[in-house]
Amino acid sequence: MKFNNVFVVDDDKIFHFIIKKLLLNNNINVYPSFFENGLEAIEGIKSKLENGETPPDLILLDINMPVLDGWQFLEEFKLLKKFLKEEISIYIISSSDNAVDRNKAKEFEDDIKNYYLKPMTIECLNSIFAI
C-alpha cells in the first residue's frame, strides 16, 4: 500500500528524529505529522475531517504516553472510524514487549496492522512501506 500522510504519535522526541531520518535516508516520500500524545493525534484527525482535508493513511502509534495513551487513542479512534472514507493503517511501535500489551493489541486486531518493538529498524520500515 502507498502511504502519503503519516501521523507519528509518540512522546519521545528522539523517536521523532529517528523516524524523520529513516524516511529521508530511504527515500520514502510521505508527509509526516508528529504528535506527543493520543489526544493531539485524535484532534489532528478531527481537524482534518472538519476542514475537508485528507486524514492520515498511516499512524505509527506508541502505547505509553501522557494525556491519552495508545490504548485510549484506539478507543477514541473507533468512534471516529464511521466518519472516515478510507481505511487508516495503524502500526504500534512500542518499547513494551510485555505479554499484557501484546495480548491487549489483539483486542484491536481490526485496527492494528502489526506490533513492532523499538528501536525502529530499516526492516520494520521496509515491512510497513513494502519497500
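Residues numbered from 1 in each chain as written. Predicted model: local features only at pLDDT ≥ 70, side-chain atom pairs only at ≥ 80, totals over all residues. Heavy atoms only, no water.

Engineer: Explain the overall build of the chain here, please?
Structural biologist: When its secondary structure is counted, the chain shows five helices and five strands. Each helix and strand of the chain, placed in order from N terminus to C terminus, yields the pattern β-α-β-α-β-α-β-α-β-α. Over its C-alpha atoms the chain spans a radius of gyration of 14 Å, differing by no more than 12% from the 14 Å that the globule rule assigns to 131 residues. With the C-alpha coordinates of the chain rotated into their principal frame, the extents come out at 35 × 35 × 25 Å. In the chain, buried positions account for 46% of the 131 residues. Within the chain, contacts between residues at least 6 apart in sequence are counted, and of these 71% link residues at least 24 apart. (Helix = DSSP H or I, 4+ residues; strand = E, 2+ residues; numbered from the N terminus. Rg over C-alpha atoms; globule rule 2.2 N^0.38 Å. Buried < 20%, exposed > 50% of the residue type's maximum accessible area, 1.4 Å probe, protein only. Contact = heavy atoms within 4.5 Å.)

Engineer: How do you make sense of the pairing of strand S2 (residues 31-35) when you look at a structure like this?
Structural biologist: Put simply, side chains in a regular strand alternate between the two faces of the sheet. Bridging between strand S1 (residues 5-9) and S2 involves five bridges; their strand directions are parallel. Bridge pairing in S2 places Val-6 opposite Pro-32. Viewed along the sheet, the connection from S1 through helix H1 (residues 13-25) into S2 turns out right-handed. (Pairing = 2+ DSSP bridges. Right-handed = clockwise from strand over helix to strand, strands pointing away.)

Engineer: What is the right way to look at the sheet that holds strand S4 (residues 89-94) in this model?
Structural biologist: The strands making up a sheet associate through backbone hydrogen bonding, with each pair oriented either parallel or antiparallel. Strand order across the open sheet formed by five strands is S2-S1-S3-S4-S5, with parallel pairing between neighbours. On the outer flanks of this sheet lie S2 and strand S5 (112-117), each paired with one strand and no other. Pairwise comparison of adjacent strand axes, ignoring direction, gives a mean angle of 20 degrees for this sheet. In this structure, S1 lies alongside strand S3 (residues 58-61), joined through four bridges in parallel fashion. Following the sheet pairing, Val-8 is matched in S3 by Leu-60. Sheet contacts for H1: S1, S2, S3 and S4; angle to S2, the most-contacted strand, approximately 175 degrees. In the packing of helix H4 (residues 99-106) onto the sheet, the strands contacted are S4 and S5, and the crossing angle to S5 comes to about 165 degrees. (Axes fitted to C-alpha atoms, helices over the stretch in contact; angles between N-to-C directions.)

Engineer: How should the confidence of the model for the chain be read in this particular structure?
Structural biologist: Should pLDDT be low for a region, the predicted coordinates there are not to be read in detail. Residues with a pLDDT of 70 or more make up 98% of the chain, whose mean pLDDT is 94. Across the chain, the element-wise mean pLDDT spans from 90 in helix H5 (residues 122-129) up to 98 in S3. (pLDDT = per-residue confidence, 0-100.)

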